[in-house]
Amino acid sequence: MRVVVSVGGNALLKRGEAMTASAQRANAMEAACALASVLAHHEVLITHGNGPQVGLLALQAQSDKSLPAYPFDILGAESQAMVGYILLEALQKAMPSRRFVNLVTRTLVDQADPAFDKPTKFIGPVYEKEQALELAKLCHWHVLPDGRYWRRVVASPAPCEVLELEAIESLMQAGFTVIAAGGGGVPVVREGKGFRGVEAVIDKDLTASLLAQALHAERFVIATDVDAVYENFDELEHRPIGRICASELEKGLFPAGSMGPKVKAACEFVKRTGRCAAIGALGDIAGLIELKAGTVIEP
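What you see is a predicted model; the values in this text were computed from it and never measured.

1. Quick word on helix α8 (residues 259-273)
Here is step 1: Look at α8: 21 Å from first C-alpha to last across 15 residues, which is about the 21 Å you get at 1.5 Å a residue.
Here is step 2: Burial analysis of α8 places 11 of its 15 residues in the buried class, which makes it a mostly covered element.
Here is step 3: Listed in full, the buried residues belonging to α8 are Met259, Gly260, Pro261, Lys262, Val263, Ala265, Ala266, Cys267, Glu268, Phe269 and Val270.
Here is step 4: Of the surrounding elements, those touching the buried residues of α8 are α6 (204-214), β12 (219-224), α7 (246-249), β16 (277-281) and β17 (295-298).
Here is step 5: Just past α8, the residue Gly274 takes up positive phi, approximately 75°.

What follows is the structure, given as structure tokens:
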């Protein structure tokens, strides 16, 4: 079965964890061991988040006051290569006989997308509210609450097209397990006969959904740091959602910077393909693909 698996950026850098290479490698090994159980039985395309990592790169670049800040399209390409490499390294150790490739991928967006005027995409580490507000004033950031913490947010336009789709398909047909569209892909707009990078970070689940549709995947799975989609997640009486049809799930209210895009991405795949999607914990990946764990979204 052809499956697209979207792995959250927090799978490599957990909330509040030190943003070190060793921490990412250790977490990547856990992710690789979980993924190995399904790679042996399915044709899988892996996408991944980059929110913590692209924020880290932005902080590092900003620390050198002698240079202008690097734009987010370049930082996105850097984080794609970095996270993809770490995942590939771990996957190769877990499955040495299998062939893997990490492809730095561009994603076309609409220059007129209103999302450019309303930042919602969380990047970088978490902060206490007071520190976040102070950094926002000092660094000219936008910040929003993320659970009990606060984080920087940037523009997150909707993906329109993955420009390397043909290359991804060719590599998969050649027997490679492909890691692609990390962090939603490098955001670009059309300019003349070519493309130009823009200041944004695309939601990786929306791009993964687009890829799953274009590649005619039979299953789309979003692996995150919670075991299911929850109703009233931040309230005392919250409960996990089991099986639900896409039209019903779409009626729920979910945070724009976290679960909201995941729900939208899964529902778009289901409605446009008539096939099922699942959202849940990476450790339950086999059950998610078999539609026996997490939140299962049905036509």
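From this point on, the discussion continues.
2. As for the environment of Gly185
Here is step 1: Mapped onto the fold, Gly185 is located in the loop between β9 (177-180) and β10 (186-191).
Here is step 2: Since its relative accessible area comes to 5%, Gly185 is described here as buried.
Here is step 3: Sequence spacing of Gly185 and Arg219 is 34 residues, and the spatial spacing of their C-alpha atoms is 21 Å.
Here is step 4: Those residues in contact with Gly185, other than ones at most four positions away along the chain, are Gln80, Thr105, Thr107 and Ile202.

3. Focus: the packing of helix α2 (residues 51-62) against helix α3 (residues 72-94)
Here is step 1: Packing of α2 against α3 leaves a shortest axis separation of 9 Å and a crossing angle of 125°. As far as their axial angle goes, α3 and α2 are oblique. Relative to α3, the crossing made by α2 is right-handed. Between α2 and α3, the residues in contact are Gln53, Val54, Leu57 and Ala58 and Phe72, Leu75, Gly76, Glu78, Ser79, Met82 and Val83, respectively.
Here is step 2: Of the residues that constitute the contact of α2 with α3, the class distribution is seven nonpolar, three polar and one charged.

4. So, the pairing of strand β6 (residues 142-146)
Here is step 1: Looking at chain direction, β6 and strand β7 (residues 149-154) are connected through five bridges and run antiparallel. Counterpart to Asp146 in the pairing with β7 is Tyr149.
Here is step 2: Between β6 and the antiparallel strand that follows it, β7, lie two residues; Gly147 among them carries a positive phi value of about 70°.

5. Focus on unusual backbone geometry
Here is step 1: In the Ramachandran plot, His140 falls in the positive-phi region, its phi being about 60° despite a non-glycine side chain.
Here is step 2: Structurally, His140 can be placed in the loop between α4 (129-139) and β6.
Here is step 3: A residue is classified by how much of its surface remains accessible, and His140, at 71% relative accessible area, is exposed.
Here is step 4: A positive phi angle, close to 60°, is found at Leu291, a residue other than glycine.
Here is step 5: Locating Leu291 in the fold gives a position in the loop between α9 (285-289) and β17.
Here is step 6: Relative accessible area serves as the criterion here: at 12%, Leu291 is assigned to the buried category.

Cut-offs and rules
Residues numbered from 1 in each chain as written. Predicted model: local features only at pLDDT ≥ 70, side-chain atom pairs only at ≥ 80, totals over all residues. Heavy atoms only, no water. Helix = DSSP H or I, 4+ residues; strand = E, 2+ residues; numbered from the N terminus. Expected span 1.5 Å × (residues − 1). Buried < 20%, exposed > 50% of the residue type's maximum accessible area, 1.4 Å probe, protein only. Contact = heavy atoms within 4.5 Å. Axes fitted to C-alpha atoms, helices over the stretch in contact; angles between N-to-C directions. Parallel < 35°, antiparallel > 145°, perpendicular 65-115°, else oblique. Left-handed = near helix turned anticlockwise from the far one by under 90°. Nonpolar A, V, L, I, M, F, W, Y, C, P; charged D, E, K, R; others polar. Pairing = 2+ DSSP bridges.

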